[in-house]
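Fold and contact review
Each chain is listed here by its residues.
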Amino acid sequence: MHFHSSLRSGLLKFCLRGHNLPPDLMKKTVENFGVDLEGFKTVMPSVKVELHKHRHILKVWGSKEDKRRVEGMISELITSVKHNVPVHLPSENVGGSKDDNQRVADNELSMDACAICLCETEDPFKLESCGHIFCRACLVDQCEVATKSYDGFPVCCLKTGCKKPFLIVDLKYLVSNEKLEDLFSASLRAFVASRAGIYRFCPTPDCRSIYQVAAPDAETKPFVCGACYVEICTKCHLEYHPFISCEAYREYKEDPDATLLEWRKGKENVKNCPSCGYTVEKAEGCNHVECRCGCHICWACLANFKSSEECYGHLRSAHQSFVDIV
């Protein structure tokens with residue numbers, strides 16, 4: 001929740017729209033606390049509150065205790081709206097009266113009222129799917145909120161009892177092409193998040209492809225991304241690894257040297273290059289070995305040289321032979 005406090009004036013401002021806030025928060029505030037916000041005044045007679053509907057700003061003047069209580073009530077309202085649970089307010093008389101609620105309903109039913117801000121529509125926009133009319137700015141804000149959170153999907157009409165989803169033709173008129181791409185990306189993220197364990201994103205950075213996770217008892221098959229062409233195992237989500245189990249491949253990824261050490265056990269014809277440390281196997285031939293790094297090695301004592309001539313000279317002088325003498 002976003003708020004700003006001014007110590008000089010004792011004013012506390014609540015912004016009722018923005019990142020991670022329900023798009024119809026201001027409407028819910030009016031429904032729960034009354035058109036004239038009598039609900040706050042009932043439990044806090046000394047508090048002064050004003051609601052700027054088109055700007056979605058709630059202003060509060062009063063003591064620190066009163067402002068803390070208002071902040072707590074708004075926070076509880078936000079939580080209840082996000083989780084679709086009843087609001088438990090400090091007093092039975094906090095909410096608006098029946099007359100207030102009727103005024104809210106009448107306001108929503110008015111052809112000139114926006115169901116989001118409850119004001120006369122400014123720059124009216126008619127949704128193609130259902131024909132309901134809203135302020136264009138309110139619909140744009142609704143799309144912005146959905147883009148920045150998972151709570152706003154699917155993006156639907158907020159008219160009471162409607163819930164018809166926005167159509168592409170609506171979105172094209174409401175937001176720019178760049179914002180529309182952001183909205184589609186956020187929608188895809190919300191879809192994957194809502195089906196945790198069933199779908200995953202391609203692990204390549206910035207790739208927006210998704211794939212279905214394989215069941216534990218299913219045959220291992222690769223996901224071949226059509227966007228970045230990477231091949232992923234749909235069980236362990238690492239690079240596709242045919243002919244090796246997920247467990248063995250995961251062990252290899254955690255310690256790439258584990259399989260090499262296992263292979264080297266008991267082998268006397270395997271040593272490490274003294275220059276680069278690379279594993280070298282000598283199957284046959286003389287004791288002059290050239291590593292892939294360019295180093296020339298004496299296999300008998302692992303002395304290393306820059307050229308084969310130097311290495312052969314060392315073998316003649318130090319070991320009197322190019323081969324092991326048995």
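Residues numbered from 1 in each chain as written. Predicted model: local features only at pLDDT ≥ 70, side-chain atom pairs only at ≥ 80, totals over all residues. Heavy atoms only, no water.

**Description of the environment of histidine 296**
Put simply, the rule reads: Secondary structure elements are taken from DSSP: a helix is a run of H or I of four residues or more, a strand is a run of E of two residues or more, and numbering for both begins at the N terminus. Three labels apply to residues, based on accessible area from a 1.4 Å probe with only protein chains included: buried if under 20% of the type maximum, exposed if over 50%, partly exposed otherwise in between. Each polar contact in these results corresponds to two N or O atoms within 3.5 Å; when the atoms are within protein, one needs to be able to donate a hydrogen and the other to accept it, and residues that are neighboring in sequence are counted only if both atoms are side-chain atoms.
By the element assignment, histidine 296 lies in strand β14 (residues 296–298). Histidine 296 sits in the buried class, given a relative accessible area of 9%. A C-alpha to C-alpha distance of 6.4 Å links histidine 296 and cysteine 311, two positions 15 residues apart in sequence. Side-chain polar atoms of histidine 296 contact the side chain of histidine 288, separated by 2.9 Å.

**Considering the sheet that holds strand β15 (residues 304–305)**
Here is the rule we go by: Here, any two strands with at least 2 DSSP bridges between them count as paired.
Strand order in this open sheet of three strands is β13-β14-β15, and the pairing throughout is antiparallel. Each having just a single partner strand, β13 (288–290) and β15 make up the two edges of the open sheet.

**Quick notes on the pairing of strand β4 (residues 57–61)**
Taking burial as the measure, the five residues of β4 include four buried ones, the bulk of the element. For strand β2 (residues 11–15) and β4, the ladder comprises five bridges, and the chain directions are antiparallel. What sits directly across from leucine 11, in β4, is tryptophan 61. With five bridges joining them, strand β3 (residues 48–52) and β4 adopt antiparallel strand pairing. Paired with leucine 51 across the bridge in β4 is leucine 58.

**What about the environment of glutamate 239?**
Under the convention used in this document: Residue contacts are defined here by distance: any two heavy atoms, one from each residue, within 4.5 Å place the two residues in contact.
By secondary structure assignment, the location of glutamate 239 is in the loop between β10 (231–233) and α8 (246–254). When the C-alpha positions of glutamate 239 and phenylalanine 223 are compared, they lie 9.6 Å apart, and in sequence the two are 16 residues distant. In contact with glutamate 239, not counting residues within four places along its chain, are Glu231, Cys233, Tyr249 and Lys253. Side chain to side chain, glutamate 239 and tyrosine 249 meet in a polar contact 3.2 Å long.

**A few points about helix α1 (residues 25–33)**
With seven of nine residues buried, α1 lies mostly within the body of the structure. Considered for burial, the residues of α1 that qualify are Leu25, Met26, Lys27, Thr29, Val30, Asn32 and Phe33.

**A few points about the pattern of salt bridges**
Let me state the cut-off plainly: Salt bridge, as used here: a side-chain nitrogen of Lys or Arg that lies within 4 Å of a carboxyl oxygen of Asp or Glu.
A full pass over the atoms with the stated rule returns four salt bridges. In this structure, the salt-bridge partner of glutamate 65 is arginine 68, at a minimum N-O distance of 3.1 Å. With glutamate 65 and arginine 68 both in helix α3 (residues 64–83), this residue pair falls three residues apart, about one helical turn. One salt bridge connects aspartate 123 with arginine 136, and the closest N-O pair in it is separated by 3.1 Å.

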